[in-house]
Structures are given as structure tokens and as C-alpha cells.
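Coordinate inspection notes
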Amino acid sequence: MNPMSVCKSSDSSSSSSSNKSWIVHSLLVGAAVAVAVGAHLRRSSRFRSRVVGIIPARYASTRFEGKPLVQILGKPMIQRTWERANLATTLDHVVVATDDEKIASCCRGFGADVIMTSESCRNGTERCNEALQKLKKKYDVVVNIQGDEPLIEPEIIDGIVKALQAAPDAVFSTAVTALAPEDAFDPNRVKCVVDNSGYAIYFSRGLIPFNKSGKVNPKFPYLLHLGIQSFDTKFLKIYPELPPTPLQLEEDLEQLKVLENGYKMKVIKVDHNAHGVDTPEDVEKIENYMRERNLS
């Protein structure tokens, strides 16, 4: 398959008629996915049982170039993430998907399987999709494991996989944890609100919900999105064909495209001291955290 057919560049000059045709297309695709998922559930007693973990990694980040290769207490961050992911019991296989040979060489050096992907992928989800198409084995679920979460607990990976397996009406699952007060107004810390059944309502870089006082309510249980997410592979294959959506573009959050197109997303709540690396300053923070707890 031509990688360029999987990872398409965005077209900011689409006409209104083109937008209308995309809406119709999205509705038709959504109906097709629903039928396919239902048929699969009837055929299989082990729903969504084949699971692969994919760690998308790119070198050219605007906020932190070369981030996957940054050293954290003597190991590349991408290696720490890969090692943690391999402890998850629900994953049949773990691979790194990258468009950069420096990252690929590093990962092969510590034993990871690597899939080379196109530079035209607009986000990690599209990179996971391209990698999925290149894998020889067939899988029912893809877990998109953020390469900048070197302390991700394998139990969280297992939790979102099991949540998606238990929710045939959802095509996507993810995890949240308690938001620290000091992160309330940090746009790099994505917030989430969920409904009473555990499905996502919205994600934002701003504080949500936002009260009339404009201040953090110390009694409210704000939620922080952990970034890790899993997809039904049938949905992942059509994800790149869905047009970018207004909320997705405004917030620069790819999961909003899922919600804006009418798909359901299951969310699990976990206890996790979130230590993602978004900026160079975060490296010192996570190293200090690891030293304090004797984590090697």
C-alpha cells in the first residue's frame, strides 16, 4: 500500500459543497462501521481479542525536537515507554511506528520491532493506522501508546483494552486521572469531562468545567487526560478519511474528531501521577520524581 494513501495532508481550501459531501460520507462510513462491528460480535465469542500496541514517534516536534530520544536517567525515553508497554498482559505485540531513521535505529538497538511510516501523517493516530496496514498479522484493537509517557503503568493499558472489549457501542477508549491544581490552566495538560455511563463528553486544553468565578474549585474532581488510547481497528482504518473538524482544529486535539463525527468513546478513571514529557523542562521533573522513589 502506498503510505501516502493512508496519511493524507489536510486541505484548508475545501469548499462548502465539499464539506457537505464529507458529512454525507462520514454518515455512510459510520453506518458501515456499525454494521461491521455488529457482524464481528455475532461471529466471535472473543470480541476484539487480538491486540497490538503501537508507539508512534516522530523526531520533528515543534515543542521538543528529538523528544523520543531524550535521555531519562540513562535511557532513551522511547525505550522506557516500550519496556513498560511490554509488561501489559493484554498486548499480543508491541511495535514502534516512526518516520525517522535515528529513532528507528535507536529502537532496533534495544530490541523493539519498528515500522517505518510516512512523514505526511498528521498525528499519532494516522501513524498508528499506517503501521497497522503494514503489519503481517491481523488485529482487532490497536493501542496508541504515547511515547512521552515513560512511566505509564501496564495496568492502565490493560484497563483501556478491557474497557473497549466490554463496550461494543464504542470505537475508542482512553484513561483519565485526577487533575493537579497547578495544572488547571496549563494548555499542555488536556482536561476531560465524562457522562454518568463513562463515555467522553469533551476534551479541552482549557479548564473544564469552567465556573463563573473563573477560579479552580478545590472541591470539584477535575479530570486529566492521560493520552493513551485504544481503537477498534475497523474504525481506525476509516479515521484518516474523516475530515478535520472545527473543534479538533481549534483545540488541536485529535480525539475531538472522533466525538464530533458522532462516535462513542469509553473512558476509565485511574490513579496515576501523570508524568508525561511535553517540554524540555519536564525531563528534570520526571527524573527528580524517579530519584525520590528509587525508580531505575
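Quick look at the structure, then. (Residues numbered from 1 in each chain as written. Predicted model: local features only at pLDDT ≥ 70, side-chain atom pairs only at ≥ 80, totals over all residues. Heavy atoms only, no water.)

1. Section: the nonpolar core
- By size, the foremost hydrophobic cluster in this structure holds 34 residues, and its most contacted members are Leu91, Val96, Cys107, Val143, Ile145, Ile157 and Ile228.
- Of all elements in the fold, only strand 1 (51–57), helix 3 (77–85), strand 4 (93–98), helix 4 (101–109), strand 6 (141–144), helix 6 (154–165) and strand 10 (223–232) reach the threshold of two or more residues within this core.
- With residues up to four places along the chain from it excluded, the contact list for cysteine 107 reads Ile78, Val96, Ala112 and Val114.
- Counting residues in hydrophobic clusters, the runner-up holds 33 residues, among them Ala131, Val142, Phe203 and Met265. (Core = buried A, V, L, I, M, F, W, Y, C linked by side-chain atoms within 4.5 Å. Buried < 20%, exposed > 50% of the residue type's maximum accessible area, 1.4 Å probe, protein only. Helix = DSSP H or I, 4+ residues; strand = E, 2+ residues; numbered from the N terminus. Contact = heavy atoms within 4.5 Å.)

2. Some points on helix 3
- With respect to burial, helix 3 is a largely interior element, 7 of its 9 residues being buried.
- Within helix 3, burial applies to Met77, Ile78, Gln79, Arg80, Thr81, Trp82 and Ala85.

3. Examining the layout of surface pockets
- In this model, the largest pocket occupies a volume close to 1,500 Å³.
- Lining the largest pocket are 49 residues, with Arg58, Arg63, Gly124, Gln146 and Glu254 sitting closest to its centre.
- Of all the secondary-structure elements, those providing two or more residues to the lining of the largest pocket are strand 1, helix 3, helix 5 (124–134), strand 10, helix 8 (246–251) and helix 9 (255–260).
- The leading source of residues in the lining of the largest pocket is strand 10, at 5 residues.
- The residue makeup of the lining of the largest pocket, split by class, is 16 nonpolar, 16 polar and 17 charged. (1 Å grid on protein atoms, 1.4 Å probe; cavity = no way out; pocket = protein on both sides within 12 Å on 5 of 7 lines; lining within 4 Å. Points joined across faces, edges and corners; volume = space filled by probe spheres on them. Nonpolar A, V, L, I, M, F, W, Y, C, P; charged D, E, K, R; others polar.)

4. Some thoughts on the pairing of strand 8 (residues 191–194)
- Two elements, strand 8 and strand 9 (residues 200–204), share 4 bridges in a ladder whose sense is antiparallel. By the bridge assignment, valine 193 is partnered in strand 9 with tyrosine 202.
- Between the antiparallel neighbours strand 8 and strand 9 lie 5 residues, among them glycine 198 with a positive phi of about 85°.
- Across 2 bridges, strand 8 lies against strand 10 in antiparallel orientation. From the neighbouring strand, lysine 191 faces strand 10, where its bridge partner is leucine 224. (Pairing = 2+ DSSP bridges.)

5. Concerning helix 4
- By the burial criterion, the buried members of helix 4 are Ile103, Ala104 and Cys107. Mapping the buried residues of helix 4 onto a view down its axis gives an arc of 100°, with all of them on the same face.
- Among the structural elements, strand 1, helix 3, strand 4 and strand 5 (113–116) are those in contact with the buried residues of helix 4.
- You can read the cap of helix 4 off the contacts: a side-chain oxygen lies 2.9 Å from the backbone nitrogen of lysine 102, and it is on aspartate 100.
- Two residues or fewer after helix 4 comes glycine 111, characterised by a positive phi angle close to 100°. (Arc of directions from axis to C-beta. Polar contact = N/O pair within 3.5 Å; in protein donor to acceptor, adjacent residues only side chain to side chain.)

6. Some points on the environment of arginine 122
- Within the element layout of this structure, arginine 122 appears in the loop between strand 5 and helix 5.
- Between the alpha carbons of arginine 122 and proline 240 there is a distance of 9.1 Å; along the sequence they are 118 residues apart.

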